Amino acid sequence: SVGAVAASDQDLFDSSLRFELAAGTSGPFWINATTGELQTTHALDREVNATYVLHVSCSDQSTAQAARTTTATIVFSVTDENDNAPYFVQTPPAAVDVRENGAVGEVLAVLHIDDADEGFNGRGGLQVHVVRGGDAVAVANETRLVTARSFDFEAVREIEVMVRVSDSGVPSRSVDANLTLVI
């Protein structure tokens, strides 16, 4: 149940009421004709449709005179659940060339990330973490991978890095990317 519509009839005779969803009503809703209770016919998904507009009519069931009808418009806003993981809009490079003896803070890659959820469940709550290779790579300005140190080709030629993008929803969802730094 997502709610109920209430109405009353001041007639002293036959004051039973009948509720209906009017033609043009959007969405997967059903109304109990007798009680006015509203239910969904299947799960709602904010990413598919964030708002539904229902037009409900209520008619008295008078047999002594013509039925009288009134209508109401109900607007439902679907709240967000953390049902989507972040994703890379553009796939990060599998390998990145890094200059030997380069400066700390050189940009290696810019991550283009998004999440279909909203607020902290989505883009507003995205965080980038270096899971593997944190001694070599750091995150700057939220989406830039930069060098965390200088590299010596004679000491190391490749470094494997894993980056995780997580949202702040509960439970948190994430996506990983693997990069190889080639010195």
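Above this text is the structure in question.
These figures come from a predicted structure and were not determined experimentally.

J.: Got a minute to help me understand the sheet that holds strand S13 (residues 144-147) in this structure?
T.: Sheets are built from strands paired through backbone hydrogen bonds, the pairs being either parallel or antiparallel. If you walk across this open sheet you meet the three strands as S9-S13-S12, and the pairing is antiparallel. Pairing within the sheet leaves two strands with one partner each, and these edge strands are strand S9 (107-110) and strand S12 (137-140). Averaged over all pairs of adjacent strands, the angle between strand axes in this sheet comes to 30°, irrespective of strand direction. Direction of pairing for S9 relative to S13: antiparallel, over a ladder of three bridges.

J.: Looking at this model, I keep getting lost on the pairing of strand S14 (residues 158-166). Mind explaining?
T.: In regular strands, side chains alternate between the two faces of the sheet. As paired elements, strand S11 (residues 127-132) and S14 share five bridges and run antiparallel to each other. Looking at the pairing, glutamine 127 lines up with serine 166 of S14.

J.: Help me out: how do you make sense of the packing of aromatic side chains in this one?
T.: Two aromatic rings are characterised by how far apart their centres lie and by the angle between their planes. Throughout the structure, instances matching the rule amount to two aromatic pairs. Aromatic pair phenylalanine 29 and tyrosine 52: ring centres 5.4 Å apart, planes at 75°, arrangement edge-to-face. Taken together, the residues phenylalanine 29 in strand S3 (residues 29-31) and tyrosine 52 in strand S5 (residues 51-60) connect sequence positions 23 residues apart. Here the aromatic rings of phenylalanine 29 and phenylalanine 76 are separated by 5.1 Å at their centres, their planes lie at 15°, and the arrangement is stacked. Separated by 47 residues along the polypeptide, phenylalanine 29 in strand S3 and phenylalanine 76 in strand S6 (residues 69-77) bring together distant segments of the chain. Given a relative accessible area of 17%, phenylalanine 76 falls into the buried group. Grouped by ring-pair contacts, the aromatic residues Phe29, Tyr52 and Phe76 constitute a single cluster.

J.: I'm lost on the environment of glutamine 127 in this one. Help?
T.: Among the structural elements, glutamine 127 can be located in strand S11. Placed 15 residues apart in sequence, glutamine 127 and glutamate 142 show a C-alpha to C-alpha distance of 7.0 Å. When near neighbours in sequence (up to four residues on either side) are disregarded, glutamine 127 contacts Arg164, Val165, Ser166 and Ser168. Separated by 3.2 Å, the side chains of glutamine 127 and serine 168 make a polar contact.

Basis of the calculations
- Starting from 1, residues in each chain are numbered consecutively following that chain's sequence as written.
- Since the coordinates come from a predicted model, pLDDT governs what is reported: local features require at least 70, and pairs of side-chain atoms require 80 or more to be given and counted, while whole-chain, interface and lining totals use all residues.
- Side-chain numbers here rest on the full set of heavy atoms in the structure, without hydrogens or water.
- Strands qualify as paired when DSSP identifies two bridges or more between them.
- Strands here mean DSSP runs of E at least two residues long; helices mean DSSP runs of H or I at least four residues long; both are numbered from the N terminus.
- Each axis is a line fitted through C-alpha atoms, and for a helix only the stretch in contact is used; angles between axes span 0 to 180 degrees, taken between their N-to-C directions.
- Any pair of Phe, Tyr and Trp rings, taking the six-membered ring for Trp, is counted once the centres come within 6.5 Å. Such a pair is stacked with planes under 30 degrees apart, edge-to-face with planes over 60 apart, and tilted for the rest.
- Using a 1.4 Å probe on the protein chains alone, a residue whose accessible area is under 20% of its type maximum counts as buried, one over 50% counts as exposed, and one in between counts as partly exposed.
- Every residue pair with non-hydrogen atoms within 4.5 Å of one another is taken to be in contact.
- Distance and chemistry together define a polar contact, namely a pair of N or O atoms within 3.5 Å, with one atom able to donate a hydrogen and the other to accept it when in protein, and with adjacent residues in sequence counting only for side-chain atoms on both sides.

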